Amino acid sequence: REAEAEKGLSELWDELKAAGCELCFLEDGEVPHDDTDMLLSVGGDGSFRGARDLSLRGIPCIGIPGTIDNDIPSTEYTIGFDTAMNTVVEMVDKLRDTACSHERCSVVEVMGHGAGDIALQSGLAVGATAIIVPEIGFDLQNVIDKILETQKNGRNHFIIVVSEGLCDATQL
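**Thoughts on the overall build of the protein**
Regarding its fold elements, the protein presents 6 helices and 5 strands. Overall, the protein shows an N-to-C arrangement of helices and strands of α-α-β-α-β-α-β-α-β-α-β. In the protein, which comprises 172 residues, the proportion classed as buried is 30%. Taking the contacts inside the protein whose residues are at least 6 apart along the sequence as the reference set, 56% of them involve residues at least 24 apart. Accessible surface, the protein as shown: approximately 10,800 Å² in total, 50% of it carbon and sulfur.

**Some words on the sheet that holds strand E3 (residues 105-110)**
Strand order in this open sheet of 3 strands is E3-E5-E4, and the pairing throughout is parallel. Sheet topology places E3 and strand E4 (130-132) at the edges, where each strand pairs with a single neighbour. Taken pair by pair, the neighbouring strands of this sheet meet at an average axis angle of 15°, ignoring direction. As paired elements, E4 and strand E5 (residues 158-163) share 3 bridges and run parallel to each other. Of the residues in E5, the one forming a bridge with Ala130 is Ile160. Seen against the sheet, helix H6 (residues 140-152) touches E3, E4 and E5 and runs at an angle of roughly 155° to E5.

**Quick notes on the pattern of salt bridges**
Within the structure shown, the criterion is met by 3 salt bridges. For Arg49, the salt bridge goes to Asp45, with nearest N and O atoms at 3.7 Å. Of this pair, Arg49 and Asp45 both sit in helix H3 (residues 45-56), 4 residues apart, which is roughly one turn of the helix. Accessibility expressed as a relative area gives 43% for Arg49, which makes it partly exposed. With a relative accessible area of 33%, Asp45 lands in the partly exposed category. Here Asp93 and Arg96 are joined by a salt bridge, their closest N and O atoms 3.2 Å apart. Of this pair, Asp93 and Arg96 both sit in helix H4 (residues 81-101), 3 residues apart, which is roughly one turn of the helix. Relative accessible area serves as the criterion here: at 37%, Asp93 is assigned to the partly exposed category.

**Regarding a nonpolar patch on the surface**
A cluster of nonpolar residues, Met38, Leu40, Val42, Ile62, Ile64 and Ile79, forms a patch on the protein surface that exposes about 510 Å² of accessible area. For the nonpolar patch, the elements supplying multiple residues, two or more each, are strand E1 (39-43) and strand E2 (61-65). Looking at the secondary structure, you find Ile79 in the loop between E2 and H4. Looking at Ile79, the relative accessible area reads 54%, which means it is exposed.

**A few points about helix H5 (residues 117-126)**
For H5, the set of buried residues is Ile118, Ala119, Ser122, Gly123 and Val126. For H5, the arc enclosing every buried residue in end-on projection is 110°, short of the 170-degree limit, so these residues lie on one face. Summarising the geometry of H5, the exposed residues directed more than 90 degrees from the buried face are Leu124 and Ala125. Structurally, H5 contributes buried residues whose contacts are with H4, E3, E4 and E5. Of the residues one or two after H5, Gly127 is the one with positive phi, at around 70°.

Reading the values: the criteria
Residues numbered from 1 in each chain as written. Predicted model: local features only at pLDDT ≥ 70, side-chain atom pairs only at ≥ 80, totals over all residues. Heavy atoms only, no water. Helix = DSSP H or I, 4+ residues; strand = E, 2+ residues; numbered from the N terminus. Buried < 20%, exposed > 50% of the residue type's maximum accessible area, 1.4 Å probe, protein only. Contact = heavy atoms within 4.5 Å. Areas by Shrake-Rupley, 256 points an atom, 1.4 Å probe, with all protein chains shown as cover. Pairing = 2+ DSSP bridges. Axes fitted to C-alpha atoms, helices over the stretch in contact; angles between N-to-C directions. Salt bridge = Lys/Arg side-chain N within 4 Å of Asp/Glu carboxyl O. Patch = residues over 30% accessible without salt bridge, like charges linked within 9 Å, V, L, I, M, F, W, Y side chains within 5 Å. Arc of directions from axis to C-beta.

Such coordinate-based values are descriptive only and should not be taken to indicate function.
Pasting the structure below:
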């Protein structure tokens, strides 16, 4: 690690560029010089892994979680998560009108990249009939049973919120 820490910052930026990283550091398009004090990284898990690797090479880094997925460990909310969740809530509120008037079941697949925070919290906010997240998984029969139970209680429309990538939402 000492050898890596001694490596000049300019060489490190060249390595990052060669690895396919897009660098946007300074207004004039220049990359930071060897006298750079620290790096501020705003992004998701990939950005945080990069900042960790740079820190291991002796470059001090500060990370600001900026991902809609809300999947950065040790954070409650990330920049973008609240906006994503509120966008889902607004969309489902509009969709509910159609689902209600046509007595339909609507399946809403939301982003999340392996994290169910958007699905869970927006599903709770809109009163979804079922919420399917990767942290828990799901059994299709349980979802069907929940719909039938809700139907017996007089409801004629259903909203199911599912986190992306768990299943084929079009077949659900």
